[in-house]
Amino acid sequence: MKTIRRIGVLTSGGDAPGMNAAIRAVVRVACYHELEVVGILDGYSGLINNNMIEMNARSVGETLQKGGTILYTARCPEFKEEAGVKKAVENAKAAGIDGMVVVGGDGSFRGARDLCRQGLPTIAVPGTIDNDISCSEYTVGFDTCLNTVMDAVDKLRDTCSSHARCSIVEVMGRDAGYIAINAAIACGAEVCLIPEKPFDFETDVLRPVLAGKARGKRHTIIIVAEGVKGVENLEKMIQEKTGIEARTTILGHIQRGGRPTVRDRVTASRMGGRAVELLLEGKSNRIVCMQDAKVVDVDIEEGLQMKKTISEELIELAKKLSV
Ligand code: ADP
Ligand code: F6P
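Residues numbered from 1 in each chain as written. Chains lettered and ligands numbered in written order. Predicted model: local features only at pLDDT ≥ 70, side-chain atom pairs only at ≥ 80, totals over all residues. Heavy atoms only, no water.

Colleague: Help me out: how do you make sense of unusual backbone geometry in this one?
Modeller: Peptide bonds are, in most cases, trans, and in most cases residues other than glycine have a negative phi. At Glu34, a position not held by glycine, the phi torsion is positive, near 60°. Of note, Glu34 is situated in the loop between helix H1 (19–32) and strand E2 (36–40). Not every positive phi belongs to a glycine, and Arg174 is a case in point at roughly 50°. For Arg174, the position within the fold is in the loop between strand E6 (166–171) and helix H6 (178–187). (Helix = DSSP H or I, 4+ residues; strand = E, 2+ residues; numbered from the N terminus.)

Okay, here's the thing in structure tokens:
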């Protein structure tokens, strides 16, 4: 087994609060084990373009509390081609890197798998606000994102109640509804639409909105995940069919920023630290993940093939709570 002496770390794909805590954990745990660390800037582009910096324990001081990623991130189409991966591995080897940690989402994990296939031992750490990594019950950034959504929806509710309006709030999540369903429960939404469950306007929107009005509610909050199809005319349809004035708010990229919460800092630190130790144990091609609140690891390929479903219990609870 080749001894690991120098590791590289990068963040890739959409940024997520807590990525800095993950980077810090990789750097500090590596320093603890007397390894050298290279930070790769701008995700996989930094490997292809040799954009790298030497890091030590001090390089990650004052970063734990910051949103974004100090190593920056990028989407790098070149890296999806074999030539791009080969160039990246050549550069990494020339820089003396003998193990990599990649923090990102499932796209980035495909890249991590490709690095392994070209002979560079790599460990992946889930960092995405979407919480859509099947093999892990948690991804770094999800909790901070949800707290941002909760603050925003609480504010929208104030004005919504004052005017007896309906507030339609679009949240992120790409093709997944985890942000939406958890926000719906945390914010007391009357309706929650997620991509995993096709909806019927009469049954799933109109009926609960009218029932709420009949029960004397002054506000209606509808949370819609960005991946839901067929919601273009929701505002107009609600106004026409219920007489309730509706306003739409797209929360957008505000959901990706901000100081990471305790949960994100602690989870990122645990996962980042474990990634380094896996490399030291001679492991490669693994995703560090959270299962039953424990940090474990699974094969990247197997992890990517797993399917994650949204708990029916959460969906039902959101409905029950909105009576
Ligand atoms: P995320 O990691 O948040 O899911 P992306 O899907 O945008 O974000 O992926 C981030 C980067 O990972 C891409 O820009 C690309 O460099 C790399 N990547 C994505 N998909 C693949 C793939 N199928 N094979 C190799 N690399 C990939
Ligand atoms: O994967 C994180 C995420 O914020 C998704 O929720 C969203 O669909 C996407 O990234 C937005 O990407 P971009 O920053 O390229 O607009």
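Colleague: Help me out: how do you make sense of the site of ligand 1 in this one?
Modeller: In the vicinity of ligand 1 there are 16 residues, among which Arg75, Cys76, Gly105, Gly107 and Ser108 approach most closely. Contact between ligand 1 and Arg75: an oxygen atom at 2.6 Å from a side-chain N or O atom of the residue. Gly105 places a main-chain nitrogen or oxygen 3.0 Å from an oxygen atom of ligand 1. Relative to its unbound accessible surface of 550 Å², ligand 1 loses 86% to contact with the protein. Here the shell around ligand 1 takes six residues from helix H4 (residues 106–117), the largest share from any one element. A breakdown of the residues in the shell around ligand 1 according to their chemical character gives three nonpolar, seven polar and six charged. (Near = heavy atom within 4 Å. Polar contact = N/O pair within 3.5 Å; in protein donor to acceptor, adjacent residues only side chain to side chain. Areas by Shrake-Rupley, 256 points an atom, 1.4 Å probe, with all protein chains shown as cover. Nonpolar A, V, L, I, M, F, W, Y, C, P; charged D, E, K, R; others polar.)

Colleague: Just checking my understanding: could you explain H6 for this structure?
Modeller: For an α-helix the count is 3.6 residues per turn, leaving residues at separations of three or four pointing the same way. Across the ten residues of H6, seven count as buried, placing the element largely inside the fold. Listed in full, the buried residues belonging to H6 are Tyr178, Ile179, Ala180, Ile181, Ala183, Ala184 and Cys187. Buried residues along H6 sit in contact with helix H5 (142–163), E6, strand E7 (191–193), strand E8 (220–225) and helix H11 (312–321). Backbone geometry just after H6 places Gly188 at a positive phi near 65°. (Buried < 20%, exposed > 50% of the residue type's maximum accessible area, 1.4 Å probe, protein only. Contact = heavy atoms within 4.5 Å.)

Colleague: Would you take a moment to explain the site of ligand 2 for this structure?
Modeller: Near ligand 2 you find Arg75, Thr128, Ile129, Asp130, Met172, Gly173, Arg174, Glu226, His253 and Arg256, and these make up its full shell. Glu226 is positioned with one of its side-chain polar atoms (N or O) 2.5 Å from an oxygen atom of ligand 2. Grouping the constituent residues of the shell around ligand 2 by class yields two nonpolar, three polar and five charged.

All we've got here are geometric facts, nothing functional implied.
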